[in-house]
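Now for the letters of each chain:
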Amino acid sequence: MSRRSSKIEFVGSQGVPLVARLDLPEGTPWAYAVFAPCFTCGKDWLAAARICRELAERGIAVLSVDFTGIGESGGDFADTTFSSDVDDLVRAADHLRENFTAPSLLIGHSLGGAAVLAAAHRIPETAAVATIGAPAEPEHVVHTFGGRREEIERNGEAEVSLGGRVFHIRREFLDDISAQPQAERIRRLRHALLVLHSPIDETVGVENAQQILDAARHPKSFVAIDGADHLLTDRADARYVATLLAAWAGRYARGSVQAGPACRNSHTPSR
């Protein structure tokens, strides 16, 4: 099945325009999904783009989001928190519900995986949640700040180099991410859960996958992405993940597409 993609814009949780990409199959999708990229990554990050394209080839429409201050979206990254990212995901689901079909599948990579676990209970149509290399606790991401955490706590803010780019991080981000009741959210999750994780992930250790699974109820599944790095830079790993996601989601999310409102967007599809 071939695919097409469109740029989508909607208002985020902080009142600024957010930009997302909607990858659609040529035929009628059998499910809609929201994809949350990794921390400081956007919709065009290599793994995110590849996974979404592959899912569309398999019949799933996927909306991949640039969070506030990332990629093409408006706003200042320094003003964001984990909670605001979760709010942005809920806004993305609202946009799909109002203009296409509400998402029955939520997918998140790394910290984006933690975000979809936090957002799932606020998106009533959710049938299945999948995480890729996700931390059990959102606060895990702070270890990537190195010695800057102390500077942030002392001065209220600091510049942090992440993935070769510099980001402004404020104390509010630390306060918010340390206060997340993530374990309780996972325990109360009432959706099918798929946890994908590389056993050799050096950024988010595979023990995080075990912690998520231990906390979650059934139905829950784990698949090792053997040999993959955290960012899934190998095209074959992204394809493998998409193949697994589509096969697994078919049991839980297939048939969720309802006749939605006529498309009222002014976007131009691209190939």
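Residues numbered from 1 in each chain as written. Predicted model: local features only at pLDDT ≥ 70, side-chain atom pairs only at ≥ 80, totals over all residues. Heavy atoms only, no water.

K.L.:
Would you mind showing me how to read the pattern of salt bridges here?
P.N.:
Opposite charge on two side chains allows them to pair when their charged atoms are near. In the structure shown here, the tally under the stated rule is 18 salt bridges. What emerges from the salt-bridge pattern is a single network uniting K7, R21, D23, K43, D44, D66 and E72. (Salt bridge = Lys/Arg side-chain N within 4 Å of Asp/Glu carboxyl O.)

K.L.:
Please explain the state of the cysteines as it appears in this structure.
P.N.:
A covalent bond between the sulfur atoms of two cysteines is referred to as a disulfide. For the structure shown, the criterion picks out one disulfide. Disulfide partner of C38: C41, at an S-S distance of 2.0 Å. Across the disulfide from C38 to C41, rotation about the S-S bond amounts to roughly -70°, and the bridge is consequently left-handed. As far as the burial class goes, C38 and C41 line up, both buried. (Disulfide = S-S within 2.5 Å. Buried < 20%, exposed > 50% of the residue type's maximum accessible area, 1.4 Å probe, protein only.)

K.L.:
Explanation requested: the nonpolar core in the structure shown.
P.N.:
Looking at soluble globular proteins, one finds that nonpolar side chains tend to be buried together. F39, F145 and I169 are the most contacted members of the largest nonpolar core, which totals 58 residues. Once you skip the residues sitting within four places of it in the chain, F145 turns out to touch F39, I152, V160, L162, I169, F173 and L174. Core analysis: the second largest hydrophobic core is formed by 31 residues, A33, I51, A130 and I132 among them. (Core = buried A, V, L, I, M, F, W, Y, C linked by side-chain atoms within 4.5 Å. Contact = heavy atoms within 4.5 Å.)

K.L.:
Just to check I follow, could you spell out helix α2 (residues 82–99) for this structure?
P.N.:
Residues spaced three or four apart along an α-helix face the same direction, because each turn holds 3.6 residues. For α2, with 18 residues, the first-to-last C-alpha span of 26 Å sits near the 26 Å given by 1.5 Å per residue. Among the residues of α2, those classed as buried are F82, S84, D85, V86, D88, L89, V90, A92, A93, H95, L96 and N99. (Helix = DSSP H or I, 4+ residues; strand = E, 2+ residues; numbered from the N terminus. Expected span 1.5 Å × (residues − 1).)

K.L.:
For this particular structure, what's the right way to read the confidence of the model for the protein?
P.N.:
Parts of the model with low pLDDT should not have their predicted coordinates read in detail. Per-residue pLDDT for the protein averages 90, and the proportion of residues at 70 or more is 93%. The low-confidence segment residues 259–271 (pLDDT under 50) makes 25 contacts with residues lying over four places distant or belonging to another chain. (pLDDT = per-residue confidence, 0-100.)

K.L.:
How do you make sense of the environment of S104 when you look at a structure like this?
P.N.:
Mapped onto the secondary structure, S104 falls in the loop between α2 and β5 (105–109). Separated by 71 residues in the primary sequence, S104 and A33 have C-alpha atoms spaced 6.2 Å apart.

K.L.:
What exactly am I supposed to notice about unusual backbone geometry here?
P.N.:
In terms of backbone geometry, most residues other than glycine have negative phi values and most peptide bonds are trans. Each neighbour pair has its own omega, and for H218 with P219 the value is 5°, a cis peptide bond. Summarising the element assignment, P219 is placed in the loop between α7 (207–215) and β10 (220–224). One non-glycine residue, S110, adopts positive backbone phi at about 60°. The residue S110 is located in the loop between β5 and α3 (111–119) in this model. Judged by its relative accessible area of 9%, S110 falls in the buried class.

K.L.:
Where do I start with the environment of Q210 in this structure?
P.N.:
Among the secondary structure elements, Q210 is positioned in helix α7. Residues Q210 and V195 lie 15 residues apart in sequence; the distance between their C-alpha atoms is 9.0 Å. Here the side chain of Q210 touches D214 through a polar contact of 2.8 Å, side chain to side chain. (Polar contact = N/O pair within 3.5 Å; in protein donor to acceptor, adjacent residues only side chain to side chain.)

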